[in-house]
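Below are the chains, spelled out letter by letter.
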Amino acid sequence: MTTERRAAAKLTAPTINLASVVYGLDAYMRSRRADAGDALRRAGLEPGDLTDPDRRVPLIRYLELLEICADLLADPQFGLKFGAQYEPRHAGVVGNVALASRTIGEAFETIGRYLPTMVDATVHGVEVSDGIVFVYSYYIDPLMMSYRQKGDWAIAFACNLMRVGLGDPRWTPQEVLLPQLADETPAERRTRAEIMGDNIRVGHPWAGIRFDAGLLKRPMATADAMIESLMRHYGDLRLAALPEQRGEIEQLRREIARVLVKGEVGIEHLAKATGTSVRTLQRRLKDAGVNYSDLQNDVRKTLALNLLENETMALAEIAFSLGYSEVSAFNHAFRRWVGQSPGHYRRLRAVHFKSAAAKKSEPPARGSI
């Protein structure tokens, strides 16, 4: 086994606490005359997965659950609508510490800190440039881009948090950025505009929202110093209870992803981002049984597989998003990882999805049960 494969083998499958993200799903589905139990069974989940605040399930099961619910309701905007009605206070530590924070900026900062208590393998970013803030998130796990409901849920939830925090139920961001967007009817476009606003840009690597950076200093209408202190304490206990090695590796993978998308590829950038020295970082990696090059390659490969699912992104854009200065370097690396060029891989995936969609739309054979 190569060193790179040994490093990848140490990475556990990412997990999520469903009780923090799909609270009230059963009631929501019943109100639309659908059975949440059926959706859970099809996703390989159990009813207790929705209510246990300590139980974690594979992240892929959550993403499949959202897609299954959309299918059962025959509503391609399920993630958008479910996220829009989801109260931030139901989002466990993440939602409650954000609501109790003093300002909008601190609310988003706490989300980034405590997100691992909810879900692994997720990068949450807040970037300010020219008076505009960009809040975004993405998963560091293979082929997460093809699950489209998750992006709508995340954007709708972020908008909801802003509305509650600002005390303005009609607030919408200046701009919404999405990797992909399926064709929608005029009625569906109106629904999306009511939730997200009408300035939506498609083809961005990550889903996120942009708004006036001045809002970061605005007080949260729900600020509560005592609740914030209690939730931070509880959140720190939850962070400390995460499996040590998984937490260590996942934290480093998230930081590598952050520096990569900024075009910073050396270990010194990772050391700076994690507030440590290169020597100390190398020792930490060695103790975990990996090295920086292998871990960086794993993150790059994972993000590349995600971004190639986005048909609107050119290969040059993907290469740049992964920190490559030349498309040829990205092509060479991808061939080493997958055994084929990124362009060929994307074409095969497109054929696969079209074939799967065609089979799904075929009527059942006569006599079938």
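Located above this text is the structure these notes cover.
A brief structural summary. All values reported here derive from a predicted model rather than from experimental measurement. (Residues numbered from 1 in each chain as written. Predicted model: local features only at pLDDT ≥ 70, side-chain atom pairs only at ≥ 80, totals over all residues. Heavy atoms only, no water.)

Along the protein chain, the regular secondary structure elements total 17 helices and 7 strands. Within the protein chain, residue pairs in contact and separated by at least 24 positions form 75% of the contacts whose partners lie at least 6 positions apart. Per element, the accessible surface of the protein chain, about 18,100 Å² overall, is 52% carbon and sulfur. (Helix = DSSP H or I, 4+ residues; strand = E, 2+ residues; numbered from the N terminus. Contact = heavy atoms within 4.5 Å. Areas by Shrake-Rupley, 256 points an atom, 1.4 Å probe, with all protein chains shown as cover.)

On to the sheet that holds strand 3 (residues 122–129). The strand order 3-4-7-5-6 describes an open sheet built from 5 strands, whose pairing is mixed. Strands at the two margins of the open sheet, each flanked by one partner only, are strand 3 and strand 6 (200–202). The average undirected angle you get between the axes of adjacent strands in this sheet is 15 degrees. Where strand 5 (residues 175–178) lies against strand 6, 3 bridges are found, and the strand directions are parallel. By the bridge assignment, Val 176 is partnered in strand 6 with Ile 200. Packing against the sheet, helix 7 (residues 104–114) makes contact with strand 3, strand 4 (132–139) and strand 7 (207–212), and its axis sits at approximately 150 degrees to strand 3. (Pairing = 2+ DSSP bridges. Axes fitted to C-alpha atoms, helices over the stretch in contact; angles between N-to-C directions.)

Another aspect to go through is a nonpolar patch on the surface. On the surface, a cluster of nonpolar side chains totalling about 320 Å² of accessible area is made up of Met 226, Ile 227 and Leu 230. Checked against the element boundaries, Met 226 lands in helix 10 (residues 225–241). Residue classification places Met 226 among the exposed residues on the basis of a relative accessible area of 62%. (Patch = residues over 30% accessible without salt bridge, like charges linked within 9 Å, V, L, I, M, F, W, Y side chains within 5 Å. Salt bridge = Lys/Arg side-chain N within 4 Å of Asp/Glu carboxyl O. Buried < 20%, exposed > 50% of the residue type's maximum accessible area, 1.4 Å probe, protein only.)

For the coordinates displayed, the defined rule picks out 16 aromatic pairs. The interplanar angle of 75 degrees and the centroid separation of 5.1 Å between the aromatic rings of Tyr 28 and Phe 82 together place this pair among those described as edge-to-face. In this pair, Tyr 28 is assigned in helix 2 (residues 25–31) and Phe 82 in helix 5 (residues 78–84), connecting sequence segments 54 residues apart. Residue classification places Tyr 28 among the buried residues on the basis of a relative accessible area of 7%. By relative accessible area, Phe 82 is classed as buried at 0%. Aromatic side chains Phe 334 and Trp 337 sit 6.3 Å apart centroid to centroid with 70 degrees between the ring planes, which places their arrangement in the edge-to-face category. Here the residue Phe 334 and the residue Trp 337 both occupy positions in helix 16 (residues 327–338), the gap between them amounting to 3 residues, near one helical turn. Owing to a relative accessible area of 0%, Phe 334 belongs among the buried residues under this scheme. The class of Trp 337 is buried, set by a relative accessible area of 11%. Pairwise contacts between aromatic rings join Tyr 28, Phe 78, Phe 82, Tyr 86, Trp 153 and Phe 157 into one cluster. A cation over an aromatic ring shows up here: Arg 32 above the ring of Tyr 28, its NZ or CZ 3.7 Å from the ring centre. (Phe/Tyr/Trp six-rings, centres within 6.5 Å; stacked < 30°, edge-to-face > 60°. Lys NZ or Arg CZ within 6 Å of the ring centre and 35° of its normal.)

Soluble, globular proteins show a tendency: their nonpolar side chains are buried together. Formed by 68 residues in total, the largest nonpolar core has its most connected members in Leu 18, Tyr 62, Phe 78, Ile 209 and Phe 211. Here Ile 209 is in contact with Val 133, Phe 134, Val 135, Ile 155, Ala 158, Cys 159, Trp 171, Pro 173, Glu 175 and Val 176, once residues within four sequence places are set aside. (Core = buried A, V, L, I, M, F, W, Y, C linked by side-chain atoms within 4.5 Å.)

Peptide bonds are trans in most cases, and residues, glycine excluded, mostly fall at negative phi. Of note, Ala 74 is a non-glycine position whose phi angle comes to about 50 degrees, a positive value. Relative to the elements of secondary structure, Ala 74 occurs in the loop between helix 4 (59–73) and helix 5. The exposure class assigned to Ala 74 is exposed, which follows from its relative accessible area of 66%. Positioned with a positive phi, Asp 130 is a non-glycine residue whose angle comes to about 55 degrees. Asp 130 gets classed as exposed once you look at its relative accessible area, which sits at 78%.

Moving on, we come to the environment of Ala 271. Mapped onto the elements of the fold, Ala 271 is located in helix 12 (residues 267–273). Residues Ala 271 and Leu 281, spaced 10 residues apart in sequence, show a C-alpha to C-alpha distance of 6.3 Å. Discounting chain neighbours no more than four positions away, the residues touching Ala 271 are Thr 276, Ser 277, Val 278 and Leu 281.

In this section: the pairing of strand 3. Note that strand 3 and strand 4 share 8 bridges and pair antiparallel. What sits directly across from His 124, in strand 4, is Ser 137. Taken together, strand 3 and the strand that follows it, strand 4, pair antiparallel across an intervening segment of 2 residues, in which Asp 130 is found at a positive phi of about 55 degrees.

Right, let's talk about the packing of helix 7 against helix 8 (residues 149–166) for a bit. Remark: helix 7 packs on helix 8, axes separated minimally by 11 Å, with the N-to-C direction vectors making an angle of 140 degrees. With respect to helix 8, the element helix 7 is oriented oblique. Along this stretch, helix 7 crosses helix 8, giving a crossing that reads as right-handed. Side by side, helix 7 and helix 8 meet where Ile 104, Phe 108 and Ile 111 of the first sit next to Leu 161, Met 162, Gly 165 and Leu 166 of the second. Here the contact of helix 7 with helix 8 is built from residues that sort into 6 nonpolar, 1 polar and no charged. (Parallel < 35°, antiparallel > 145°, perpendicular 65-115°, else oblique. Left-handed = near helix turned anticlockwise from the far one by under 90°. Nonpolar A, V, L, I, M, F, W, Y, C, P; charged D, E, K, R; others polar.)

We now examine helix 6 (residues 92–100). The periodicity of an α-helix, 3.6 residues per turn, causes residues three or four places apart in sequence to face the same way. The element helix 6 is largely enclosed, with a buried count of 7 among its 9 residues. By the burial criterion, the buried members of helix 6 are Val 93, Val 94, Gly 95, Val 97, Ala 98, Leu 99 and Ala 100. The secondary structure elements touched by the buried residues of helix 6 are helix 7, helix 8 and helix 10.

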